[in-house]
Amino acid sequence: AGDEDGPSVQATPGRAEVFATVVDTFLEKLVAAGSYQKFANCYRCFYKLQPEVTRSIYDQFISQLQTSVKDEIQEVKNEGNLELLFNSLDKMVEEAKNQEEPAWRPSGIPEEDIRSAMVPYLLKHRSYLRKILKEKEEENRKVAESVLAGRDRIGELQQLIQARKHAWQ
Amino acid sequence: MSVNPMAYEAQFFGFTPQTCMLRIYIAFQDYLFEMMLVVESVILKKLDGFPGCKISPFQIRKSTEKFLLFMKEHFDKLFSKMEEVLLQLVLNIPKNVLLPEDKVHEQYPYSKAQFQALQDEIHQLQQQYRAEASAGQALRAELEEQKAVQAELEKILQWFDGLDNICREHGTGNLEESFAFLTQNSKKLQDVLKDVEEKSKKIK
């Protein structure tokens, strides 16, 4: 068979699919076990009396049971948003497939675990401090230059004044 | 056998897988019992339409119990298998998978010492910055003082220049020379006055 258009068939079924299949299998096997024969056998006297009614009651029973089971499963899926979670978990598993090492797990000690969570903020803070420190140092360097120039100028002015004073004496 | 609390799965799903399975088990079991009661009541109702029959409600109850027991056994077995598969394949997070919200732990596995070092470095940078900031303030304060001093000195210089200009304007040329000339003249005057005094004394 050549390549088909559209999404390729997954080699491994996703979690949602497995979930659905497993539930269906459960129901199938349960219904198979609770066969009509078994039912009629248990309710033998009534079966002898009313075989068609027995059949119809059985059919309704099975159908109701299946509906209730499927509805319950659907409710659980809706409440827990399971379709979404299953798909997203499948993706994560796929992305981690080349990772052989066991991943990090919470240590159970909040003080330990919170360290790594704080590190990115601390790193940001550190680089911010480095930046403003550098800027401040540069700024001060310039102001220091002005201060030195100012001192020279004052010295100059004082000398000029001294010269004038002497000339007038 | 240790029980796996599946806490990481609970973090992801928002519920413990085992709790979820238990909920489903109880719900299914309830439905099964309910259905059986309905079956029984329907049969009993049908029997009411047969007043002559020999079947007692007690017999029906026995039948119901028999079938229910049978169903329950299979139900438990099948559910157990289903639960096992779900817990292993669907409601689990493989050991090598890290939830995206926990990425920082993979990116920044800082030990206690490394973390402390980072905090110390930050503390030091803060102190350095504070020092630079006060140094800057001091420098700027001196700059302000310098401005005031320079202004005063320039005023004095201007005053001197002003004097020169006045003299030049009034044609007296170099004021110092004039002063020098004046002082010389006044000295001469004083000498002449002295002479005159002496001469007048002699005359008297």
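Residues numbered from 1 in each chain as written. Chains lettered and ligands numbered in written order. Predicted model: local features only at pLDDT ≥ 70, side-chain atom pairs only at ≥ 80, totals over all residues. Heavy atoms only, no water.

1. Description of the overall build of chain B
Part 1 of the reasoning: Counting its secondary structure elements, chain B contains 6 helices and 0 strands.
Part 2 of the reasoning: In chain B, the succession of helices and strands from N to C terminus is α-α-α-α-α-α.
Part 3 of the reasoning: Evaluated residue by residue, chain B yields a buried proportion of 29% over its 204 residues.
Part 4 of the reasoning: In chain B, once contacts between residues fewer than 6 apart in sequence are set aside, the share between residues at least 24 apart is 68%.
Part 5 of the reasoning: Summing over all exposed atoms, chain B offers an accessible surface of approximately 13,900 Å²; the carbon and sulfur share of this is 59%. (Helix = DSSP H or I, 4+ residues; strand = E, 2+ residues; numbered from the N terminus. Buried < 20%, exposed > 50% of the residue type's maximum accessible area, 1.4 Å probe, protein only. Contact = heavy atoms within 4.5 Å. Areas by Shrake-Rupley, 256 points an atom, 1.4 Å probe, with all protein chains shown as cover.)

2. Concerning the overall build of chain A
Part 1 of the reasoning: Looking only at helices and strands, chain A has 6 helices and 0 strands in total.
Part 2 of the reasoning: Its helices and strands taken in sequence order, chain A reads α-α-α-α-α-α from the N to the C terminus.
Part 3 of the reasoning: When burial is assessed residue by residue, chain A has 36% of its 169 residues classed as buried.
Part 4 of the reasoning: Accessible surface, chain A as shown: approximately 11,100 Å² in total, 51% of it carbon and sulfur.

3. A closer look at the environment of B:Met35
Part 1 of the reasoning: Here B:Met35 is to be found in helix H2 (residues 17-48).
Part 2 of the reasoning: Sequence spacing of B:Met35 and B:Leu68 is 33 residues, and the spatial spacing of their C-alpha atoms is 9.9 Å.
Part 3 of the reasoning: Sequence-distant contacts of B:Met35, that is, excluding residues within four places in its chain, are made with A:Phe61, A:Gln64, A:Leu65 and A:Ser68.

4. With respect to the packing of helix H6 (residues 110-168) of chain A against helix H5 (residues 112-169) of chain B
When two helices pack together, their arrangement is given by the angle between the helix axes and by the axis-to-axis distance.
Part 1 of the reasoning: As a packed pair, H6(A) and H5(B) sit with axes 6 Å apart at the nearest point and diverge in direction by 20 degrees. The orientation of H6(A) with respect to H5(B), classified from their angle, is roughly parallel. Between H6(A) and H5(B) lies a crossing of left-handed hand.
Part 2 of the reasoning: Looking at the contact of H6(A) with H5(B) residue by residue, the class counts come to 30 nonpolar, 11 polar and 18 charged. (Axes fitted to C-alpha atoms, helices over the stretch in contact; angles between N-to-C directions. Parallel < 35°, antiparallel > 145°, perpendicular 65-115°, else oblique. Left-handed = near helix turned anticlockwise from the far one by under 90°. Nonpolar A, V, L, I, M, F, W, Y, C, P; charged D, E, K, R; others polar.)

5. Re the nonpolar core
Part 1 of the reasoning: Counting 63 residues, the largest nonpolar core has A:Tyr43, A:Phe61, B:Phe13 and B:Phe28 as the members making the most contacts within it.
Part 2 of the reasoning: Elements supplying a minimum of two residues to this core: helix H1 (15-33), helix H2 (36-42), helix H4 (51-80) and helix H5 (82-95) of chain A together with helix H1 (7-13), H2 and helix H3 (57-90) of chain B.
Part 3 of the reasoning: Per-element accounting of this core gives the leading share, 11 residues, to H3(B).
Part 4 of the reasoning: Other than its neighbours up to four places away in sequence, A:Phe61 contacts B:Leu32, B:Met35, B:Met36, B:Val39, B:Phe67 and B:Met71.
Part 5 of the reasoning: Of all hydrophobic cores here, the second largest spans 9 residues; its members include A:Leu122, A:Ile132, B:Leu118 and B:Leu125. (Core = buried A, V, L, I, M, F, W, Y, C linked by side-chain atoms within 4.5 Å.)

6. Here we look at the environment of A:Gly150
Part 1 of the reasoning: By secondary structure assignment, the location of A:Gly150 is in helix H6.
Part 2 of the reasoning: Apart from the residues within four sequence positions on either side, A:Gly150 is in contact with B:Gln146 and B:Gln150.

7. Topic: the interface of chain A and chain B
Part 1 of the reasoning: Between chain A and chain B, the residue contacts involve 83 residues of the former and 89 residues of the latter.
Part 2 of the reasoning: Each partner contributes to the roughly 8,300 Å² buried at the junction of chain A and chain B, and carbon and sulfur atoms together form 76% of this total.
Part 3 of the reasoning: Summed over the shared surface of chain A and chain B, the number is 9 salt bridges.
Part 4 of the reasoning: The salt bridge involving A:Arg126 is made with B:Glu121; its shortest N-O contact spans 3.0 Å.
Part 5 of the reasoning: Between the two partners, chain A and chain B, sit 25 residue pairs in polar contact (both at pLDDT 80 or more).
Part 6 of the reasoning: Sort the elements by how many residues they give to the side of chain A that touches chain B and H6(A) lands first, with 35 residues.
Part 7 of the reasoning: Its residues assigned to classes, the side of chain A that touches chain B comprises 49 nonpolar, 14 polar and 20 charged. (Buried area = accessible area lost by both parts, 1.4 Å probe. Salt bridge = Lys/Arg side-chain N within 4 Å of Asp/Glu carboxyl O. Polar contact = N/O pair within 3.5 Å; in protein donor to acceptor, adjacent residues only side chain to side chain.)

8. What about the confidence of the model for chain B?
All names here are of chain B.
Part 1 of the reasoning: Predicted confidence across chain B gives a mean pLDDT of 88, with 93% of residues reaching 70 or more.
Part 2 of the reasoning: Per-element averaging of pLDDT across chain B places helix H6 (residues 175-203) at the bottom with 75 and H3 at the top with 95.
Part 3 of the reasoning: Taken over the whole predicted complex, pTM reads 0.68, whereas the ipTM for its chain interfaces reads 0.73. (pLDDT = per-residue confidence, 0-100.)

9. Side note on the side chain of B:Gln150
Part 1 of the reasoning: Tracing the sequence through the fold places B:Gln150 in helix H5.
Part 2 of the reasoning: Excluding residues that lie within four positions of it along the chain, B:Gln150 makes contacts with A:Gly150, A:Arg153, A:Ile154 and A:Leu157.

10. A look at the packing of aromatic side chains
Part 1 of the reasoning: Applying the stated criterion to the full structure yields 19 aromatic pairs over all chains.
Part 2 of the reasoning: Ring plane angle 55 degrees and centroid distance 5.5 Å describe the contact between A:Phe19 and A:Phe86, whose orientation is recorded as tilted. One end of the pair, A:Phe19, is in helix H1; the other, A:Phe86, is in helix H5, with 67 residues separating them in the sequence. Take A:Phe19 and A:Phe86: they sit in the same class, and that class is buried.
Part 3 of the reasoning: For the ring pair A:Phe39 and A:Phe61, a centre distance of 6.4 Å and an interplane angle of 15 degrees mean the geometry is stacked. Pair noted here: A:Phe39 is in helix H2 and A:Phe61 is in helix H4, with a separation of 22 residues, a long-range link. Each member of the pair, A:Phe39 as well as A:Phe61, carries the same accessibility label: buried.
Part 4 of the reasoning: Among the aromatic side chains, those forming a connected cluster through ring pairs are A:Tyr36, A:Phe39, A:Tyr43, A:Tyr47, A:Tyr58, A:Phe61 and B:Phe67. (Phe/Tyr/Trp six-rings, centres within 6.5 Å; stacked < 30°, edge-to-face > 60°.)

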